[in-house]
Structure formats: structure tokens, C-alpha cells
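This is what each chain is made of:
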Amino acid sequence: MMSYSAKIFLLLYLFVFVVFISGQPLNGDSYYYWDWSYHLALSYYDGPPFIAYAIRALTTIFGNHVYSLDLLLLIAIIVTVGVIFRLGQQLFNSAAASMAMMIWLLTLNVVNTFFVHAVYDTPLIMFWALTFYAFVQLVRSKQRRYYYYCAVFAGLMLLSKYTGVLLLISMFLLCILEKNYRFVWRSPHSYLAILITLLISSPLLVWNWQHGWASFHYQLAHGFATYHLSAWVNIVKYLHDSITGANVAFIALLYVLAVHYREIMSDQRLRLLLLPTFVTWIFFLFSGFFSLTLPSWNAPFMFTNALMLGSLCHRGMQSRWLRSAFLIALAIPTVTVLIMLRFEPLAAFKSLPRSVTIPAVFMPPAVARNLLQQLPPQLYQQQPL
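Residues numbered from 1 in each chain as written. Predicted model: local features only at pLDDT ≥ 70, side-chain atom pairs only at ≥ 80, totals over all residues. Heavy atoms only, no water.

Draft legend 1. Quick peek at the environment of Tyr 53. Looking at the secondary structure, you find Tyr 53 in helix H3 (residues 50–62). Residues Tyr 53 and Trp 34 lie 19 residues apart in sequence; the distance between their C-alpha atoms is 9.4 Å. Side-chain polar atoms of Tyr 53 contact the backbone oxygen of Ala 41, separated by 2.9 Å. (Helix = DSSP H or I, 4+ residues; strand = E, 2+ residues; numbered from the N terminus. Polar contact = N/O pair within 3.5 Å; in protein donor to acceptor, adjacent residues only side chain to side chain.)

Draft legend 2. Just the side chain of Ser 43, in detail. If you trace the backbone, Ser 43 turns up in the loop between helix H2 (28–36) and H3. Given the relative accessible area of 1%, Ser 43 is considered buried. A polar side-chain atom of Ser 43 sits 3.2 Å from the main-chain carbonyl oxygen of Gly 47. (Buried < 20%, exposed > 50% of the residue type's maximum accessible area, 1.4 Å probe, protein only.)

Draft legend 3. Up close: helix H10 (residues 188–200). If you check H10, its first and last C-alpha atoms are 19 Å apart, about what 13 residues at 1.5 Å a residue would give, namely 18 Å. Residues of H10 that are buried include every one of Ser 190, Ala 193 and Thr 197, and no others. End-on, the buried residues of H10 take up no more than an arc of 60°, which puts them together on one face. Exposed side chains of H10 directed beyond 90 degrees from the buried face belong to Pro 188, Leu 195 and Leu 199. In this fold, the buried residues of H10 make contact with helix H8 (145–160). For H10, the side-chain oxygen to backbone nitrogen distance between the N-cap and His 189 is 3.2 Å, and the N-cap itself is Ser 187. (Expected span 1.5 Å × (residues − 1). Arc of directions from axis to C-beta. Contact = heavy atoms within 4.5 Å.)

Draft legend 4. Representation of the environment of Phe 216. Inspection of the secondary structure puts Phe 216 in helix H12 (residues 214–224). A relative accessible area of 27% means that Phe 216 is categorised as partly exposed. Each C-alpha atom, one on Phe 216 and one on Leu 204, is 9.5 Å from the other, the two residues being 12 residues apart in sequence. Ignoring anything within four residues of it in the chain, the contact list for Phe 216 reads Tyr 162, Leu 205 and Asn 208.

Draft legend 5. Here's a closer look at unusual backbone geometry. Although it is not a glycine, Lys 142 adopts a positive phi angle of roughly 60°. Structurally, Lys 142 can be placed in the loop between helix H7 (121–141) and H8.

Draft legend 6. View of a nonpolar patch on the surface. A cluster of nonpolar side chains, contributed by Phe 172, Ile 176, Leu 177, Trp 185, Tyr 191, Leu 192, Ile 194, Leu 195 and Leu 198, occupies part of the molecular surface with about 850 Å² of accessible area. Mapped onto the nonpolar patch, the elements with two or more residues apiece are helix H9 (165–177) and H10. Take the nonpolar patch: its biggest share by element is 5 residues, from H10. (Patch = residues over 30% accessible without salt bridge, like charges linked within 9 Å, V, L, I, M, F, W, Y side chains within 5 Å. Areas by Shrake-Rupley, 256 points an atom, 1.4 Å probe, with all protein chains shown as cover. Salt bridge = Lys/Arg side-chain N within 4 Å of Asp/Glu carboxyl O.)

Draft legend 7. Up close: the packing of aromatic side chains. Throughout the structure, instances matching the rule amount to 17 aromatic pairs. A ring pair is formed by Tyr 146 and Tyr 149, whose centres lie 5.6 Å apart and whose planes are at 70°; its orientation type is edge-to-face. Here Tyr 146 and its partner Tyr 149 are both found in helix H8, 3 residues apart, which amounts to about one turn of the helix. Of the residues examined, Tyr 146 reaches a relative accessible area of 13% and is grouped as buried. For the pair Phe 172 and Trp 185, a centre-to-centre distance of 5.4 Å together with 75° between the ring planes defines the contact as edge-to-face. With Phe 172 in helix H9 and Trp 185 in the loop between H9 and H10, this pair connects stretches of sequence that are 13 residues apart. Taking relative accessible area as the criterion, Trp 185 reaches 30% and is therefore assigned partly exposed. Site record: aromatic cluster; members linked through ring pairs are Tyr 32, Tyr 33, Trp 36, Tyr 44 and Tyr 120. A cation sits over an aromatic face here: Lys 142 above Phe 183, 4.9 Å from the ring centre. (Phe/Tyr/Trp six-rings, centres within 6.5 Å; stacked < 30°, edge-to-face > 60°. Lys NZ or Arg CZ within 6 Å of the ring centre and 35° of its normal.)

Draft legend 8. Region of the structure containing the packing of helix H16 (residues 268–287) against helix H17 (residues 302–316). With their axes 8 Å apart at the nearest point, H16 and H17 run at an angle of 140° to one another. What the angle tells us is that H16 and H17 run oblique. Read as a crossing pair, H16 and H17 show a hand that is left-handed. Facing Arg 269, Leu 270, Leu 273, Leu 274, Pro 276 and Thr 277 of H16, the residues of H17 in contact are Thr 304, Asn 305, Leu 307, Met 308, Ser 311, Leu 312 and Arg 315. When grouped by side-chain class, the residues that make up the contact of H16 with H17 number 7 nonpolar, 4 polar and 2 charged. (Axes fitted to C-alpha atoms, helices over the stretch in contact; angles between N-to-C directions. Parallel < 35°, antiparallel > 145°, perpendicular 65-115°, else oblique. Left-handed = near helix turned anticlockwise from the far one by under 90°. Nonpolar A, V, L, I, M, F, W, Y, C, P; charged D, E, K, R; others polar.)

Draft legend 9. How the structure looks around the nonpolar core. Ranked by size, the top nonpolar core spans 116 residues in total, and within it Ile 103 and Trp 104 carry the most contacts. In this structure Trp 104 touches Ile 77, Thr 80, Val 81, Ile 84, Val 110, Phe 114, Ile 125, Met 302, Phe 303 and Ala 306, once residues within four positions along its chain are discounted. (Core = buried A, V, L, I, M, F, W, Y, C linked by side-chain atoms within 4.5 Å.)

Draft legend 10. Region of the structure containing the pattern of salt bridges. Per the counting criterion, the structure on display carries 3 salt bridges. Of the charged contacts in the structure, one is a salt bridge between Arg 271 and Glu 178, with a shortest N-O distance of 2.6 Å. With a gap of 93 residues between them, Arg 271 in helix H16 and Glu 178 in the loop between H9 and H10 connect regions that are remote in the sequence. For Glu 178, a relative accessible area of 9% puts it in the buried group.

Any functional reading would require information beyond the geometric quantities listed.
Laid out in C-alpha cells, this is it:
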């Protein structure tokens, strides 16, 4: 059971979240995907289609306004928190699970993702958590139904964002490296599950096949062909963004890897959590040789990172006050950024695009488009709207 203090923290957090985002303009990309929902397709040049269908469903049911996009964020937070607590409870205990939940909620990358965006990463993180949860249940219980839960969630994860493949690579490596997990290769359910995942994610392949693999070419060019300054500058910036985006959670990750490496490698539960964190982090670190990575790309692996840190913090910080101090240190930059985002006099110092303050973003894309059509034609003679 979740402790009383953890329940109070979660309720207070959700209350702050609802008050903060209620009716507020989101990040500019959110309206880009909102416009997608008016033009549903198998996929899109910029990426997978799940976000468009999710927005279309919510705006159809709850109304065509920004509150429906807020609901998508709220659903993703609640589902992911539930998975973190449940998984932490199963792998360790309720106290470690509560610590993991609070670490995840206070991590700056997570807050930036959910408090200002309704983008690819919103459903990606939710389905990343659900896919990994189903995988853990499979390797621990060996019950066949988890093959299919994992397959469905993995397919939806790939429909959310291409980087979901990093979790699938991690799961594949775990089933090779961990002797106790190799049973999956002997089961016909594994191969049927792979087919189901391919079937669910097939709209990506069909659309790309119809359009000369345009989206894949774009993503490769976007992710592996833009040096900006230099490879080493990109890598240094990525490490800087990792530290500032996860603040003490990333520093704690580096610390436990350096100090508790043997303990982690001797504990199958911690190895299970380490590999997805490590694979994702190393992939984006390596991609720094080719492009400038963004701090928000780290957000998915904060899920397993929080679970691992929750366990080690609970075990290593015997004093309740010490654990509270760790959470406060985690919360300070997060709260500071939220204050800067909320109060317009401080907004000039924030790193988010200024376009989010334009009043038009409160409108559904169709309304904004109709208003734009009324502009004098000379404003867009060079390029049609």
C-alpha cells in the first residue's frame, strides 16, 4: 500500500498540475499535432500517427479546445505513476516504490514534458512504461498472456514515437544476456507477439512504403546529419542538458553506477532496470557525434532510472530526513522553472518558444486557419498558407 505521505504528495502534485495547465497555451508543437487530428492518415512525414488519433478522439468526446489536450497529459501521468508504483512494489517494496514515484514526478525533464507539451513523448512515455511492465511480468511469471500485453503496448509505443524501438532493443538484449529470460526464445508465443507488434505498427510501414520511406529518411537526416557546431560540443551540451534536465536524479545515476556497480550487477532486479536506462542514454550520447540532441529525448529512460534510484535511495538513505532532502533538492529547480513558466514577467527568461504566448493558440487549429485566410494576400504571396 502507498504510504499516507506519498498519497498526500501525489494528490497535491495532481492538483498543482491541473491548476497549472488548465486552459493554458501549450508548447507550439502541440498545436501542430492538433492540426494533424483534422487530417488523419496512416502516418506523417514528421513521425508516427498516434498523437493525432488521440487528440481527435479526445476533442471529439470532450470538445475541440485545449482542455481536451490537457486531459491527454493527465491520463499519461496517472497511468505512468500507477505503473511505476506497482512495478516498484513488486520488485522491491512499497517504500521504494513511493520514492521512485516521487523521483519521477519531480524530475525536470518529466515536468517539462507533461506541463508544457502534448506531443509524441506524452503517449510514448505512457506506453514505454506499460510495455516494460508487461515485459517484467512476463519474465517473472512466465504467463503467456503477458506476451500479448507486451506486443500490444509495444505496437502502440512504436505508433507514438520511433525512439520506442530503444526499449525493444533493451528487452531483446535482456533476453539474450539474462539466462533466466532466455525461455522466451523457446516459446511460439514470442514470435506470434512479434507479429502482433508488427501488425499494430504496420501503418508506419505502409505509409512510408507509399511515400518512398520519406519519414524514415527525414528522421535519419534529422537525428544523424546535423552537426550544428561540432561533435564534441554536441556531446558536452547533451551531458549538460542531462544534468540540468534531470538535475540530482542524473547525478545520482552517475553516482550509483560508480559506487554501487557491483551491487547492481549482482542483483537481477537492478540489472533489469539498468539496461533500458543505459541503452537509451548511450544511444543519444553516441548520436551527439552526428547531431545536436535535445534534453527532452531523455524523458523515457527516467522511468527505469527512477525505479532504480528509488530502491537504492530507500536502501542507502536510512534517515527519512535525508530522503526528504534529496527530494527537495530534486524539486527546487523544477518548481523554479514552473514559476518562470507561469508568471509572464519571468517568461522572458524561459527557454521555451515565445510563440506559446500568442493569443491565437487558445483557438482550435481550424478556427485559427479561417482567421489566417482573412489576412491580406500580400502577406503570403511568396508561400501559400
